[in-house]
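Overview (structure and organization)
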Amino acid sequence: MLAAMLCLGLVVFANNAAVAGTWQCFSTTPDGVSLAWNLRVAEQDGKLTGITFSDRGETPLVDPKLEGENFSFKVLLGQEYLELALKVAGDKLEGTWKGGGMTGSVKGTRQS
C-alpha cells in the first residue's frame, strides 16, 4: 500500500512539473484586443500554486488543477472570477478564458 501511494505521489509530482515555471501569456478579448500577462506556477507539498502578474499587479490562482495535459484555474478580476482552461504541450499553453458573459483565447510560452 505504501509503495502504491509513493508511486502515485511521484506521478502527481511529475505531472505538476509539466506546468511549473513562468509563462508569458496573451489573452484575446472578444473584440480582438490582445492583452499581455504572465503566469507563474509552482508545485508545493504536492499541490499546484501560482499567480498571474502584469503591470497591473498580481492575482493568486484559485483552484489550479492539472489533469493530464489539461490545466485549469480561476482568477479573481474585480468582483468576478475568470475561468481558464488550457492545454499544456511542452513549452506551450493554449486554451480559453471565460467570465463576465464573455470568452476569449489564451496562448502562452514557458520562459527559460
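The structure presented is a predicted model; accordingly, all values stated were derived computationally and were not measured. (Residues numbered from 1 in each chain as written. Predicted model: local features only at pLDDT ≥ 70, side-chain atom pairs only at ≥ 80, totals over all residues. Heavy atoms only, no water.)

Remarks on unusual backbone geometry
- Here the phi dihedral of Asp-45 falls at roughly 55 degrees; this positive angle occurs in a residue that is not glycine.
- With respect to the secondary-structure elements, Asp-45 resides in the loop between β2 (34–44) and β3 (47–54).
- The backbone phi angle of Asp-63 is positive, close to 55 degrees, even though this residue is not glycine.
- Structurally, Asp-63 can be placed in strand β5 (residues 62–67).
- On the basis of relative accessible area, Asp-63 is assigned to the partly exposed category, the value being 43%. (Helix = DSSP H or I, 4+ residues; strand = E, 2+ residues; numbered from the N terminus. Buried < 20%, exposed > 50% of the residue type's maximum accessible area, 1.4 Å probe, protein only.)

Observations concerning the confidence of the model for the chain
- Mean pLDDT over the chain stands at 88; residues scoring 70 or higher make up 87%.
- For the chain, helix α1 (residues 2–17) is the element with the lowest average pLDDT, namely 42, and strand β1 (residues 21–28) is the one with the highest, namely 98.
- Contacts from residues 1–14, a stretch scored under 50 in pLDDT, to residues over four places away or in other chains number two contacts. (pLDDT = per-residue confidence, 0-100. Contact = heavy atoms within 4.5 Å.)

Side note on the pairing of β2
- Pairing of β1 with β2 involves eight bridges; the strand directions are antiparallel. Residue pairing in the sheet places Phe-26 in a bridge with Ala-36 of β2.
- With antiparallel pairing between neighbouring strands as the criterion, β1 and β2 make up a hairpin whose turn holds five residues, including Gly-32 at a positive phi of roughly 90 degrees.
- Taken together, the seven bridges between β2 and β3 define a ladder with antiparallel strand orientation. Residue pairing across strands places Asn-38 opposite Phe-53, the latter belonging to β3.
- What sits between the antiparallel neighbours β2 and β3 is a turn of two residues, in which Asp-45 has the positive phi angle 55 degrees. (Pairing = 2+ DSSP bridges.)

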